[in-house]
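# What the coordinates show
Residue-level listing of the chains:
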Protein chains: 2
Amino acid sequence: MTNVLFTFPVKEYLIEELQTEFPEVKFTFSSSKDQDALKSAEVIVTYGEDISVATLDQALALKWLMIASAGLEKMPLSEILKRNIFVTNVKGIHKTPMTESVMAHLLAIKRALPWMYKQQENSEWSKRSGSTELFGSTALIIGPGAIGSEIGRLLQAFGVTTIGCNRSGKNAANMNSMITFDQLSDVLPKVDIVISVLPSTPETIGLLTYDHFVLMKEDAIFMNFGRGDLIKEEQLIQAIQERQISYAVLDVFENEPLDENHPFWKMEGVIVSPHVSSHSSEYVPRALKIFRHNLHEWIEAGTNFQNVIDLEKGY
Amino acid sequence: MTNVLFTFPVKEYLIEELQTEFPEVKFTFSSSKDQDALKSAEVIVTYGEDISVATLDQALALKWLMIASAGLEKMPLSEILKRNIFVTNVKGIHKTPMTESVMAHLLAIKRALPWMYKQQENSEWSKRSGSTELFGSTALIIGPGAIGSEIGRLLQAFGVTTIGCNRSGKNAANMNSMITFDQLSDVLPKVDIVISVLPSTPETIGLLTYDHFVLMKEDAIFMNFGRGDLIKEEQLIQAIQERQISYAVLDVFENEPLDENHPFWKMEGVIVSPHVSSHSSEYVPRALKIFRHNLHEWIEAGTNFQNVIDLEKGY
């Protein structure tokens, strides 16, 4: 019998579906602090943050780590590799909710929803919304992979011109044109929206600086939906305080959770999204779909796994 | 020299553009209460609400009324017809801002932006957004004309199934299927989103009733972006209070402006949009584009006018 430990809670109807589909598997829903469960688990399904070297030391039967998230940067990858543990993740399932979050924030700003909600709180009828349109804008998407290209597709549907930006300048889907990281300063003065969905790599840490924000339009919207180390926060704060741009929508931060005294909370023109842009009621069902496929392969000793991580490459 | 009276304010750069393009025209920017301007105006450019029979009686030189809006229902059409005044409007220019407003509200609700803004006010980091997705939903669009079809196009881009609803059931663009008004009750239990963009006509007044809301899903979103007389407000209020649906996003009301004591302001699940869904910083420039085309025709005694109103038909 295969023992599978989930270190996060799962809704009852999804548990029932799992047990019906895999009668030969023993599922335990607990935490990585449950030493008994940890000891006997052949498979651990986790969001990843609870997997330390100490956890691995206790998980004596562990052969497969199923990470129900996309980022691996906080995991002890070399220790996992040393123990020859098979690793899969759920890369790809963030595409729809993250894209919808980006579009929601952009349209909300353009169509003055923050103003409107505030008016409603005060029972105040006014038509001075100052609303504008997304239509006809130009957007720069930094890091147009699967998520960035999906954002590009929907921006184009709204009549937005899309410029992709990556290291090589190599074509990405749904971009009207492409530039390299080196060309950022030439293009920033011409765009209305700057969206980063970059992961954290040695090349992307600190890629943007205060000077880039000085180059942007005064009514530009900056969105960081990648990683918080893209720009030093003190530089971003300075740029916003000086009104170099009009809006910063931030889903990621240098330190999370954001301290309750952090200036972002109260700054004019800042929208704090508490790293929830990929969250969705569909998240766990979609992650379990990948897991169920892989669990069948696992039980039947198949090889057709989805989202296998190459630990030496780190993705 | 042709005298043109604008009864609403226009930004300075647009005035300069007009004067440069039409040196032979005398433009006056005032109001319909300006008796001198009214008396000599051959052309009046107005949002329409200030045109009464008394205004017409004073506008002795008036030959062309340019209405910078789409609705004509409050205008004294038979009196205008009697005086043989030429009428044009700007039908069509609401499509982009209204569609963006509809998409903004839907995505904001699905991606939990009202919750997020509230968290930020309280400097409170939480991930319990309860966010869901637009993807995979089904939307019913009641009155799929130019605006409704544009909404359908963008909904489909987000992976939403669209059902159009009109009197005849005749095909409309960007709808996966069509139904007639008579089939509403059959379809309402199956849809996640109900959007009306219907104008006010004898057939649409009171088209929806409390009973229709009982048929809808508990988590349905209802959006009225057409006219406030689509449903009696007391019936809509009852349906919302009973949580027959989860959200009502209302851009139009029985009486506007909404009284500050109206229950809608404070009701859970109601978003009050103060009839601004078609507003946009691009509105006047876009209206003037139509006007400038028509003014050239007018001066040169041409016939190729845009958006001419047939007063006998009323549209």
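Just above, that's the structure.
Parameters at a glance
Position numbers for residues start from 1 in each chain and track the written sequence from start to end. The order in which chains are written sets their letters, starting at A; the order in which ligands are written sets their numbers, starting at 1. Totals for whole chains, interfaces and linings use all residues, but because this is a predicted model, local features are given only for residues with pLDDT of at least 70 and pairs of side-chain atoms are given and counted only at 80 or more. Water and hydrogen atoms were dropped before computing side-chain values, which therefore reflect all heavy atoms in the structure. Copy-to-copy alignment: least squares on C-alpha atoms, limited to residues at pLDDT 70 or above in both. Note on contacts: a residue pair qualifies if any of its non-hydrogen atoms lie within 4.5 Å across the two residues. Where helices are involved, their axes are fitted lines through C-alpha atoms of the stretch in contact, as for all axes, and angles between N-to-C directions lie from 0 to 180°. The numbering of helices and of strands both runs from the N terminus, where a helix is a DSSP run of H or I of at least 4 residues and a strand a run of E of at least 2. Orientation categories follow fixed angle ranges, with anything under 35 degrees roughly parallel, anything over 145 roughly antiparallel, 65 to 115 roughly perpendicular, and all other angles oblique. Put simply, a crossing is left-handed when the front helix is turned counterclockwise from the back one by less than a right angle, and right-handed when it is turned clockwise. Lys, Arg, Asp and Glu make up the charged group, whereas Ala, Val, Leu, Ile, Met, Phe, Trp, Tyr, Cys and Pro make up the nonpolar group; the residues left over, Gly among them, are polar. Partly exposed describes any residue whose relative accessible area lies between the buried limit of under 20% and the exposed limit of over 50%, with all areas from a 1.4 Å probe on protein chains only and scaled to the type maximum. Note on pairing: DSSP must find at least two bridges between two strands before they are called paired. A crossover counts as right-handed when, viewed with the strands pointing away from the observer, the path leading from the first strand over the helix to the second turns clockwise.

## A look at the relation of the copies chain A and chain B
With an RMSD of 0.1 Å, the fit of chain A onto chain B corresponds to turning through 180 degrees and sliding 0.0 Å along the axis. What the superposition gives is, in effect, a two-fold axis relating one chain to the other. Ranked by how close their C-alpha atoms come to the rotation axis, the residues of chain A are headed by A104 of chain A, at 2.9 Å. Interface overlap between copies is the fraction of interface residues in one copy that are interface residues in the other; for chain A against chain B it reaches 100%, indicating a shared surface.

## Thoughts on the packing of helix α1 (residues 12–21) of chain B against helix α11 (residues 283–299) of chain B
Residues and elements named next belong to chain B. The interhelical angle for the contact between α1 and α11, taken along N-to-C directions, is 10 degrees, at an axis separation of 12 Å. By the angle between their axes, α1 is roughly parallel relative to α11. For the crossing formed where α1 meets α11, the hand is right-handed. Here Y13, L14, E17, L18 and E21 of α1 come into contact with α11, specifically with V284, P285, L288, F291, R292 and H296. Counted by class, the contact of α1 with α11 contains seven nonpolar, one polar and three charged residues.

## What to know about the pairing of strand β10 (residues 221–224) of chain B
For a regular strand, side-chain orientation follows a simple rule: the groups alternate between the two sheet faces. Residue and element names in this part refer to chain B. Side-chain alternation along β10 places I221 and M223 on one buried face and F222 and N224 on a second face that is also buried. Strand direction decides the pairing type here: strand β9 (residues 193–196) and β10, joined by four bridges, are parallel. Counted as the bridge partner of V194 is F222 from β10. Read as a crossover between parallel neighbours, the route from β9 over helix α9 (residues 210–215) to β10 is right-handed. Two strands pair when backbone bridges link them, and β10 and strand β11 (residues 247–250) are joined in this way by four bridges, in the parallel orientation. Of the residues in β11, the one forming a bridge with I221 is Y247. Crossover handedness for the path β10 to helix α10 (residues 233–241) to β11: right-handed.

These values are about where atoms sit, not about what they do.
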